[in-house]
Structure formats: C-alpha cells, structure tokens
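# Survey of secondary and tertiary structure
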Amino acid sequence: MGTLFFAAMGICGTLYPGWWRRFFKIPPPPPDPEPWWYIGAIGLGTIAGLAGGTLFHNRIVDDQLFAGQAAIASGLVAFAAASIVTGLVSSLKR
C-alpha cells in the first residue's frame, strides 16, 4: 500500500510548478509537437517518488521523531523528490 501511495505522490509532484497556468492563457496554446516529454516526465516522476518515499521511509521507520507520522513524512518526501527531479529534467527540455 505504501508503494502505491509513493507512486501517486510522485505523479502528483510531476507537473506541479506552473501546470495550472496553461488554463489561463487566452487563446489556448498550440499543441506540443513532442508530447512524449509529458509521458516521460510522468514516468520519471513516478520512479523518483517511489525511490524517494521508499528510501526515506526505510530510513525513518524506527526513529522516535517520526513516530506515527512515517507515512505522511515519506509521502511529502516522495512529492518533493518527484517535483525536484522533473523540474530539473523539464529545464533541460528548453
């Protein structure tokens, strides 16, 4: 169950910075000539979320500081890892 949670948080963290701006552009932007960037970014975000959440969860599972909040903290790390990794990759696209 934790693996699915980390994957979902990774997908949520994929297009976070500025994804909503495209809805407010008038007229709508033309379609992207290379849509595989989005598919690749979602896959990379999923992998980064899984890796970040799993590694952080395994590291803090017995720590008293995170007692009771290990899943929440690991989910936030999965979200942040996916956002950072896909942000760096999307900056290379331009």
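Going by the structure above, here's the rest.
Residues numbered from 1 in each chain as written. Predicted model: local features only at pLDDT ≥ 70, side-chain atom pairs only at ≥ 80, totals over all residues. Heavy atoms only, no water.

### Quick word on the packing of helix α2 (residues 36-60) against helix α3 (residues 70-93)
What counts here: Angular values range over 0 to 180 degrees, each being the angle between N-to-C directions of two axes fitted as lines to C-alpha atoms, with helices fitted over their stretch in contact. Under the DSSP-based scheme used, a helix requires at least four consecutive residues in state H or I and a strand at least two consecutive residues in state E, with every element numbered from the N terminus. In this scheme, a crossing is called left-handed if the near helix is turned counterclockwise away from the far one by less than a right angle; it is called right-handed if the turn is clockwise. Contacts are assigned to residue pairs that have any heavy atoms within 4.5 Å of one another. Note on residue categories: nonpolar means Ala, Val, Leu, Ile, Met, Phe, Trp, Tyr, Cys or Pro, charged means Asp, Glu, Lys or Arg, and polar means any other residue, Gly included.
At a minimum axis separation of 7 Å, α2 and α3 run at an interaxial angle of 145 degrees. Note that α2 runs across α3; the crossing there is right-handed. Residue-level inspection shows Trp37, Tyr38, Ala41, Leu44, Gly45, Ala48, Gly49, Gly52, Gly53, Phe56, His57 and Ile60 of α2 in contact with α3, the latter providing Ala70, Ala73, Ser74, Val77, Ala78, Ala81, Ala82, Val85, Thr86, Val89 and Lys93. Residue classes in the contact of α2 with α3 are distributed as 15 nonpolar, 7 polar and 1 charged.

### Some details on the packing of aromatic side chains
Defined as follows: We call Phe, Tyr and Trp rings a pair once their centres come within 6.5 Å, taking the six-membered ring for Trp, and we label the pair stacked below 30 degrees between planes, edge-to-face above 60, and tilted otherwise. The cut-offs for exposure are 20% and 50% of the maximum accessible area for each residue type, with area from a 1.4 Å probe on protein chains only; residues under the lower value are buried, those over the upper are exposed, and the others partly exposed.
With the rule as written, the count across this model stands at 2 aromatic pairs. Taking the centre distance of 6.0 Å and the plane angle of 50 degrees together, the rings of Phe5 and Phe6 count as tilted. The exposure class of Phe5 is partly exposed, given its relative accessible area of 35%. Judged by centre distance (5.8 Å) and plane angle (80 degrees), the rings of Phe56 and Phe66 are edge-to-face. Here Phe56, found in helix α2, pairs with Phe66, found in the loop between α2 and α3; they are 10 residues apart in sequence, far enough to count as distant. The exposure class of Phe56 is partly exposed, given its relative accessible area of 24%.

### Topic: the packing of helix α1 (residues 2-12) against α3
Where α1 meets α3, the axes come as close as 7 Å, and the angle between the chain directions of the two elements is 40 degrees. Seen along the crossing, α1 lies across α3 with a hand that is right-handed. Facing Phe5, Phe6, Met9, Gly10 and Cys12 of α1, the residues of α3 in contact are Ala71, Ser74, Gly75, Ala78, Phe79 and Ala82. Looking at the contact of α1 with α3 residue by residue, the class counts come to 8 nonpolar, 3 polar and no charged.

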